[in-house]
Protein chains: 2
Amino acid sequence: MTLADVARAAGVSESTASRAFTRPDLIRDDTVERIKRFAAELGYSVDPHARALSTGRTQNIALIVPDIANPFFPPLVREVESGAEQADFAVFLGDSDERASREKVLVDRLSRQVDGFILASPRMPEEQIRELAARTPTVVINRDVEGVHRVLVDAATGVREAVDLLAAMGHTSIAYLAGPAETWADQERRAAVLGAAEAAGVRAGVIELGRPSYEAGRECVGSLIATGATAAVAFDDVIAHGVLAGFSLVGLNVPADFSVVGCDDVLAATTLPALTTVSGGSAASGAEALSTLLALIDDSATAPERTAIDAHLVHRASVAPARHIRR
Amino acid sequence: MTLADVARAAGVSESTASRAFTRPDLIRDDTVERIKRFAAELGYSVDPHARALSTGRTQNIALIVPDIANPFFPPLVREVESGAEQADFAVFLGDSDERASREKVLVDRLSRQVDGFILASPRMPEEQIRELAARTPTVVINRDVEGVHRVLVDAATGVREAVDLLAAMGHTSIAYLAGPAETWADQERRAAVLGAAEAAGVRAGVIELGRPSYEAGRECVGSLIATGATAAVAFDDVIAHGVLAGFSLVGLNVPADFSVVGCDDVLAATTLPALTTVSGGSAASGAEALSTLLALIDDSATAPERTAIDAHLVHRASVAPARHIRR
DNA sequence: TTGAAAGCGGTACCAT
DNA sequence: ATGGTACCGCTTTCAA
């Protein structure tokens, strides 16, 4: 079924038939109605390719994530999805497997058939991101690329709240369980922990974990205890969850013996004990990125802005007053 | 940059330039090479819409899931993603929010711009699925629609293994914590538990939970104990995880006081105690569905087949010999 | 082995 | 308010 068929059936020209869908205000109401009736009858629907070829707009966007299996992303994806749907956009999903090279491949593959990109925690060189943004409406999540629209989860605030709480509870030595050092999120959280600790007069060490995984968290407990810290702030909930398990394995109790704070609040209250964590981010950043992108697609003249998503500490059960463990 | 530009630069006709990419065997090697060199130099890449308009093929597929935030799906998505990428396909992701109506909307929106669909655990009426499959290459995951290509995770086998193990460990009364009764997965698992229990001479009850959630699992522990069962097989890991928490809250120990078996193995060993569960499904079903779909796109004459993905019991720590709880 | 030209299905400018 | 028509960028007969 093509427009021509509909036009013929309705006894109008192709132009008129086309306008019935795109600019109905230019056509007499009854004509519009008649055309639409025939269209429905014939089961007509526009060919997105033909339309895109002619208009240069696709009504598609691309969302690229480093790892859909990382629990931070599904809520984000969901939000982008549903928002896009409402705005009558479809979304391509790309999973870069945390590799800059695959990101590039995905972007190149997709760039001709989308009106814009959302890059979540991209690993690409800043230069490439800027180049892309210059060509195509693009918004970046959790990467602070100057000159590009970006939405950043301001975990720093929540992390500071966590450190302050810990300090107030008598912890004098804490540890930051670091994630991938090349990510903006880690850099920001690391600095926040260190800064807040210094401000609060608390000693703070860093344990490098690299890829944020449950196992990494579980296995760092030994060295964590060895640092003499009585509390830890983890790069994310996944690591914190692993730490919980690690303590349980060595027979120590959280929070009685040791306090643990997570980040992202993606495990909600499903850990034991329920994780005190920095909440707010995943879903909200997705929603914000999408609306920014849609605005950008509508009017690419918008000046690049930096949007911060608030994230605050949620106090659950994994934090308690300091009590020193056997050394 | 269009093909015409490349052709002009290389001093050949558009036809020749086109063939250099699509049918290089028809063109003299050195000509092909020259054209490709100019194309690279000019930064040319084909316009997918133009190509699709002309060939009717898009090199895109759509993957529709009921809820990307359900941990069963991310590994599946990941697998489809990476496989598609390798086959030079891009993938649209749709999240139906568990609603048949949204599934339909997504399918209609996407059907003109994809070469095929993968529907994961679709809620749509069978009739609609068959209609779609008749029009467009389609493969369904975890729904047994006669006459349509489908891949089904054969959790039944694993569930039977679980029941047998439980029986062997002296459990004489078990419970099935049911998921959404309208899903194929629940129907299959439910029947498997009941059947295996009867075969093993074990009493089996069903507790309806509806939407499979951590909370539902946690809150059903009271009624679970009330049934007099000493072990439970849950519809999925998420529920089982909740059950674990529920027991912990009432001060009972799993597996000493009660045995719990999950399904899907999506939480891996991240629960405490590590969950004994029916493993193998998510990622494998994604991979299988993709390769089936690609074959189907290549040659839509293939007879609809039903593929079963093996899923077996993985014995971890949440199961132990029966020991009756205080009644 | 290469070129000319007719579409693929719409859109939008220019007329009427 | 409606129609005629030239593209949009590429593929693919048909000829040469």
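Residues numbered from 1 in each chain as written. Chains lettered and ligands numbered in written order. Predicted model: local features only at pLDDT ≥ 70, side-chain atom pairs only at ≥ 80, totals over all residues. Heavy atoms only, no water.

Digging into the overall build of chain A
Going by this rule: By definition, any uninterrupted DSSP run of H or I lasting at least four residues is a helix, any uninterrupted run of E lasting at least two residues is a strand, and each is numbered from the N terminus. Note that the radius of gyration is over C-alpha atoms, with the globule rule given as 2.2 Å times the number of residues to the power 0.38. Exposure classes here rest on a 1.4 Å probe applied to the protein chains alone. A residue is buried below 20% of its type maximum, exposed above 50%, and partly exposed in between. Note on contacts: a residue pair qualifies if any of its non-hydrogen atoms lie within 4.5 Å across the two residues. Here, Shrake-Rupley sampling with a 1.4 Å probe gives the accessible areas, and only protein chains in the shown set may cover a residue.
In terms of regular secondary structure, chain A is built from 13 helices and 12 strands. Against the 2.2 N^0.38 benchmark of 20 Å for 327 residues, chain A shows a C-alpha radius of gyration of 25 Å, more extended than a compact globule. Along the longest, intermediate and shortest principal axes, the C-alpha atoms of chain A span 90 × 35 × 30 Å. Within chain A, the fraction of its 327 residues that count as buried is 55%. Sequence separation of 24 or more characterises 69% of the internal contacts of chain A that already satisfy a separation of 6 or more. For chain A, the exposed surface amounts to about 13,000 Å²; the carbon and sulfur share of it is 51%.

Focus: the interface of chain B and chain A
Quick reminder of the rule: Summed over both partners, the accessible area (1.4 Å probe) lost when two parts come together is defined as the buried area. Salt bridges are counted wherever a side-chain nitrogen of Lys or Arg sits within 4 Å of a carboxyl oxygen of Asp or Glu. Polar contact is the term for a pair of N or O atoms within 3.5 Å; when the atoms are in protein, one must be able to donate a hydrogen and the other to accept it, and sequence-neighboring residues count only if both atoms are side-chain atoms. Each residue is assigned to one of three groups, with Ala, Val, Leu, Ile, Met, Phe, Trp, Tyr, Cys and Pro labelled nonpolar, Asp, Glu, Lys and Arg labelled charged, and all others, Gly among them, labelled polar.
With 43 residues of chain B in contact, the opposing surface of chain A contributes 43 residues. Sorting the residues of chain B by area buried against chain A places B:His49, B:Arg78 and B:Arg112 first, and these three jointly supply 19% of that buried surface. Applying the counting rule to chain B against chain A returns eight salt bridges. Run the count over chain B and chain A and you get 17 residue pairs in polar contact (both at pLDDT 80 or more). Of all the secondary-structure elements, those providing two or more residues to the side of chain B that touches chain A are helix H4 (48-55), helix H5 (73-86), strand E2 (90-95), helix H6 (100-110) and helix H12 (237-249) of chain B. Ranked by the residues each element gives to the side of chain B that touches chain A, the list is headed by E2(B), at six residues. For the side of chain B that touches chain A, the per-class residue count stands at 21 nonpolar, 11 polar and 11 charged.

Topic: the protein's contact with DNA strand D
Spelled out, the test is: Distances are taken per atom, and a residue is near a molecule or strand as soon as one of its heavy atoms is within 4 Å of it.
Taken together, 27 residues lie around DNA strand D, and A:Thr16, B:Leu3, B:Tyr44, B:Arg51 and B:Ser54 are the ones closest in. Among the atoms of DNA strand D close to the protein, meaning within 4 Å, 64% are from sugar or phosphate groups. At 2.9 Å, a side-chain N or O of A:Thr31 approaches a phosphate oxygen of DNA strand D. Backbone polar atom of A:Ser54 to a base oxygen of DNA strand D: 3.5 Å apart, as the coordinates give it. For the surface near DNA strand D, the secondary-structure elements that each account for two or more residues are helix H2 (14-22) and helix H4 (48-55) of chain A together with helix H2 (14-22) and H4 of chain B. Here the residues of the surface near DNA strand D are counted per class, giving nine nonpolar, 12 polar and six charged.

Things to note about the packing of aromatic side chains
Residues and elements named next belong to chain A. Here is the rule we go by: In summary, the pairing rule links any two rings of Phe, Tyr or Trp, Trp by its six-membered ring, whose centres are within 6.5 Å, and it sorts them by plane angle into stacked for under 30 degrees, edge-to-face for over 60 and tilted for everything else.
This model, assessed by the stated rule, comprises seven aromatic pairs over all chains. Both rings, one in Phe21 and one in Tyr44, keep their centres 5.7 Å apart while their planes meet at 40°; by these two values the pair is tilted. Linking Phe21 in helix H2 with Tyr44 in the loop between helix H3 (29-42) and H4, this pair joins segments that are 23 residues apart in sequence.

Things to note about the environment of B:Glu288
Residues and elements named next belong to chain B. For Glu288, the location among the structural elements is in helix H13 (residues 282-298). Exposure remark for Glu288: the relative accessible area of 25% places this residue in the partly exposed category. Sequence-wise, Glu288 and Lys104 are 184 residues apart; in three dimensions their C-alpha atoms are separated by 23 Å. Excluding its chain neighbours within four sequence positions, the residues that come into contact with Glu288 are Val151, Thr307 and Ile309.

Considerations on the protein's contact with DNA strand C
Close to DNA strand C lie 27 residues; A:Leu3, A:Ser18, A:Arg51, A:Ser54 and B:Thr16 are nearest. Each atom of DNA strand C within 4 Å of the protein belongs either to a base or to sugar and phosphate, the latter forming 66%. In the model, a phosphate oxygen of DNA strand C is placed 2.6 Å from a nitrogen or oxygen of the A:Ser18 side chain. For DNA strand C, a base nitrogen lies 3.3 Å from a polar atom in the backbone of A:Ala50.

Re helix H5 (residues 73-86) of chain A
The periodicity of an α-helix, 3.6 residues per turn, causes residues three or four positions apart to be oriented the same way. Residues and elements named next belong to chain A. Just so we agree on the cut-off: A helix is expected to span 1.5 Å for every residue after the first.
The end-to-end C-alpha distance of H5 is 20 Å, a good match for the 20 Å that 14 residues give at a rise of 1.5 Å each. Taken together, the buried positions of H5 are Phe73, Pro74, Leu76, Val77, Val80, Glu81, Gly83, Ala84 and Glu85. Positive backbone phi, at 65°, marks Asp88, one or two positions downstream of H5.

A word on the UniProt feature "domain: HTH lacI-type" (unreviewed entry) in chain A
What counts, and what does not: UniProt positions are given in the numbering used here, feature names are shortened, and annotations may be inferred rather than shown by experiment.
Here the UniProt feature "domain: HTH lacI-type" (unreviewed entry) sits at residues 1-55 of chain A. Counted over residues 1-55 of chain A, helix gives 71% and strand 0%. Its end C-alpha atoms are 20 Å apart.

Focus on helix H3 (residues 29-42) of chain B
Residues and elements named next belong to chain B. Stated precisely, the cut-off is as follows: Picture the helix axis, draw a direction to every C-beta atom, and the arc is the one those directions span.
Between its first and last C-alpha, H3 extends 20 Å over 14 residues, near the 20 Å set by a 1.5 Å rise per residue. When we look at burial in H3, the residues that qualify are Thr31, Val32, Ile35 and Ala39. Along the axis of H3, the buried positions cluster into a sector of 100°, meaning they face one direction only. In this structure, H3 carries Asp29, Glu33, Ala40 and Glu41 as exposed residues pointing more than 90 degrees from its buried face. On the buried face of H3, the contacting elements are helix H1 (3-10) and H2. Gly43, located one to two residues past H3, shows a positive phi value of around 70°.

Section: the relation of the copies chain B and chain A
Put simply, the test is: The superposition of copies rests on a least-squares fit of C-alpha positions from residues with pLDDT of 70 or more in both.
It takes a turn of 180° to lay chain B on chain A, together with a shift of 0.0 Å along the axis; the resulting RMSD is 0.1 Å. In symmetry terms, the pair is related by a two-fold rotation axis. Of every C-alpha in chain B, the one belonging to B:Phe92 sits nearest the axis of rotation, 2.1 Å from it. When the interface residues of chain B are mapped onto chain A, 100% of them again fall at the interface, so both copies present the same face.

Examining the packing of H1(B) against H3(B)
Residues and elements named next belong to chain B. The criterion, for reference: A fitted line through C-alpha atoms serves as each axis, taken over the contacting stretch for helices, and the angle formed by two N-to-C directions is quoted from 0 to 180°. Note on angle classes: values under 35 degrees are labelled roughly parallel, values over 145 roughly antiparallel, values of 65 to 115 roughly perpendicular, and the remainder oblique. Each crossing gets its hand from how the near helix is turned against the far one by less than a right angle, where anticlockwise is left-handed and clockwise is right-handed.
Axis separation between H1 and H3 bottoms out at 9 Å; the angle between their running directions is 125°. It follows from the interaxial angle that H1 and H3 lie oblique. Note that H1 runs across H3; the crossing there is right-handed. Across the interface between the two elements, Asp5, Val6, Ala9 and Ala10 from H1 touch Arg34, Ile35, Phe38, Ala39 and Leu42 from H3. Taken together, the residues that form the contact of H1 with H3 break down as seven nonpolar, no polar and two charged.

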